[in-house]
Amino acid sequence: MAVTAMFAGAAFAAPPKVITTTEDLAALVREVGGDKVTVEALAKGYQDPHFVEPKPSFIIKLHDADLLVVVGRELEIGWLPPLLTQSRNAKIQPGAPGYLDASAGVRILEIPTGQITRAMGDVHPSGNPHYWLDPDNGRVIAKSLVAALTRIAPGDRATFEQRYADFDRRLAEAQKRWTAAMAPFKGAKVVTYHRSWPNFTERFGLDVIGYVEPKPGIPPSPSHTIDLISEMKQQQVKLILVEPYFDAKTPKSVASQVGAQVVVLAPSVGGAKDVTDYIQLFEYDINLLVNALKSAGTK
Ligand SMILES: [Zn+2]
């Protein structure tokens, strides 16, 4: 009977195709979907996800997709919308069953109040889009994926649910370890290049006192850098956290003037060679941070 059922169809159909905008989302699709779906990310983890160079191949990938998963909160606003239109794929347009905005239900920080103007820099009206850097949000995304993958592969629901439960358990175990590793450094003051880390620093107890960028998306300016140096000296800040896609020149110069160190963290899966899945992302960043905080003698 089982053999007949197999020959009858489903097992020979190609698995549904999932496209995600970022490698973090692709990693979470792999956790939940396993070999029941194929998945590919458009942006690489070492690229700035705000500014991805659109390629013709992206349009083909989107054309063939059964499900598109986006970070949302306007992270992809600078590059995705025209590609989505050109894909001519009705299944994955916003509002269609094959479109998932992964930010639904997650904890979003820095939602601006009042009017937003160009003078504020690249401020996102619906809050900070770098929310995947809190493992609790990763769990919410994975849960949303169970429902979204079930829409495109209803027969595999039990597999998705079982894989989600397994991921949830492994993530919870790892979170205990990360929280314990970071506990001795609670309240340590850091500077970050871009506002990529509010969810991460909130979760792991770091205090961000300033940014290398004068405003989000605006490159360092001499006057802002001077202010930052004096603020870091005054508050005795020992770490500058930098994303791999920014020029390290200004952070290095600031660090040398205030006696701090520059730590290049991975903001995404694929942001460093060893970071191949979602749990590895935190493993890698926490490990770098703990070593840097120890060597800085930060308490
Ligand atoms: Zn950003």
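Bear in mind that the values here come from a model prediction, so they are computed numbers and not experimental data.

## Notes on the overall build of the chain
Counting its regular elements, the chain contains 10 helices and eight strands. On C-alpha atoms alone, the chain measures out to a radius of gyration of 21 Å, which is about the 19 Å that the 2.2 N^0.38 rule sets for 299 residues. For the chain, buried positions account for 48% of its 299 residues. Intrachain contacts of the chain at a sequence separation of at least 6 include 64% that bridge at least 24 residues. Computed over 32 positive and 32 negative side-chain charges, the inter-centroid distance for the chain is 2 Å.

## A closer look at the environment of Glu161
Counting through the fold element by element, Glu161 comes out in helix α6 (residues 157-182). With relative accessibility at 39%, the residue Glu161 sits in the partly exposed group. Residues Glu161 and Ala292 lie 131 residues apart in sequence; the distance between their C-alpha atoms is 38 Å.

## Some details on the packing of aromatic side chains
The description of two aromatic rings rests on the distance between their centres and on the angle between their planes. Counted according to the given criterion, the structure contains 10 aromatic pairs. Centre to centre, the rings of Tyr131 and Trp132 are 6.4 Å apart; their planes meet at 75 degrees, and the pair counts as edge-to-face. Taken together, the ring pairs connect Phe167, Trp178, Trp197, Phe200, Phe204, Tyr278 and Phe282 into an aromatic cluster.

## Let's talk about the sheet that holds strand β4 (residues 99-101)
Sheets are built from strands paired through backbone hydrogen bonds, the pairs being either parallel or antiparallel. In spatial order, the strands read β2-β1-β3-β4; together these four strands make up an open sheet with parallel pairing. For this open sheet the edge positions go to β2 (38-41) and β4, each flanked by a neighbour on one side alone. Pairwise comparison of adjacent strand axes, ignoring direction, gives a mean angle of 20 degrees for this sheet. Pairing of strand β1 (residues 17-20) with strand β3 (residues 67-70) involves three bridges; the strand directions are parallel. For Ile19, the partnering residue across the bridge sits in β3 and is Leu68. Packing of helix α2 (residues 23-33) onto the sheet brings it into contact with β1, β2 and β3, and relative to β2 it is tilted by some 165 degrees.

## Digging into the coordination of the zinc ion
At this site the zinc ion is bound by His50 (NE2), His130 (NE2) and His194 (NE2), with donor distances of 2.0 to 2.1 Å. Written as a sequence motif, the donor arrangement for the zinc ion is H-x79-H-x63-H. One end of the pair, His50, is in the loop between β2 and α3 (56-64); the other, His130, is in the loop between β4 and α5 (135-152), and 80 residues separate them in sequence. Neither His50 nor His130 differs from the other in exposure class; each is buried.

## Brief notes about the sheet that holds strand β6 (residues 207-211)
Overall, parallel pairing links the four strands, which are arranged β6-β5-β7-β8 in an open sheet. Edge positions in the sheet fall to β6 and β8 (261-264), since each has one partner strand and no second. The average undirected angle you get between the axes of adjacent strands in this sheet is 35 degrees. In this structure, strand β5 (residues 189-192) lies alongside β6, joined through four bridges in parallel fashion. Bridge pairing in β6 places Val191 opposite Gly210. On the sheet, helix α10 (residues 278-296) packs against β7 (239-242) and β8 and is oriented at approximately 170 degrees with respect to β8.

## Side note on the pattern of salt bridges
Within this structure, the stated rule accounts for 15 salt bridges. Across the pair Arg170 and Glu31 runs a salt bridge whose closest N-O atoms are separated by 2.8 Å. Here Glu31 lies in helix α2 and Arg170 lies in helix α6, a separation of 139 residues in the sequence. Where salt bridges share partners, they join Glu31, Asp166, Arg169, Arg170 and Glu173 into one cluster.

## A word on α2
Summarising burial for α2: nine of the 11 residues are buried, a large majority. Here the buried face of α2 lies against β1, β2, β3, α5, α6 and α10. Just past α2, the residue Gly34 takes up positive phi, approximately 55 degrees.

## Some points on the nonpolar core
Formed by 59 residues in total, the largest nonpolar core has its most connected members in Val69 and Ile141. Mapped onto this core, the elements with two or more residues apiece are α2, β2, β3, α5, α6, α7 (198-204), β7 and α10. If we ignore the near neighbours within four places in the chain, the residues touching Val69 are Val18, Ile19, Thr20, Thr21, Leu25, Val29, Leu100, Ala102 and Leu145.

## Considerations on the confidence of the model for the chain
Reading fine detail from the predicted coordinates is not recommended where pLDDT is low. The pLDDT averaged across the chain works out to 94; a share of 95% of its residues lies at or above 70. pLDDT under 50 marks residues 1-8. Its contacts with residues more than four places away, or in other chains, come to three contacts.

Procedures and definitions
- Residues numbered from 1 in each chain as written.
- Predicted model: local features only at pLDDT ≥ 70, side-chain atom pairs only at ≥ 80, totals over all residues.
- Heavy atoms only, no water.
- Helix = DSSP H or I, 4+ residues; strand = E, 2+ residues; numbered from the N terminus.
- Rg over C-alpha atoms; globule rule 2.2 N^0.38 Å.
- Buried < 20%, exposed > 50% of the residue type's maximum accessible area, 1.4 Å probe, protein only.
- Contact = heavy atoms within 4.5 Å.
- Lys, Arg positive; Asp, Glu negative; His and termini not counted.
- Charge placed at Lys NZ, Arg CZ, Asp CG, Glu CD.
- Phe/Tyr/Trp six-rings, centres within 6.5 Å; stacked < 30°, edge-to-face > 60°.
- Pairing = 2+ DSSP bridges.
- Axes fitted to C-alpha atoms, helices over the stretch in contact; angles between N-to-C directions.
- Donors = N, O, S within 2.8 Å, 3.2 Å for Na, K, Ca; no water.
- Salt bridge = Lys/Arg side-chain N within 4 Å of Asp/Glu carboxyl O.
- Core = buried A, V, L, I, M, F, W, Y, C linked by side-chain atoms within 4.5 Å.
- pLDDT = per-residue confidence, 0-100.

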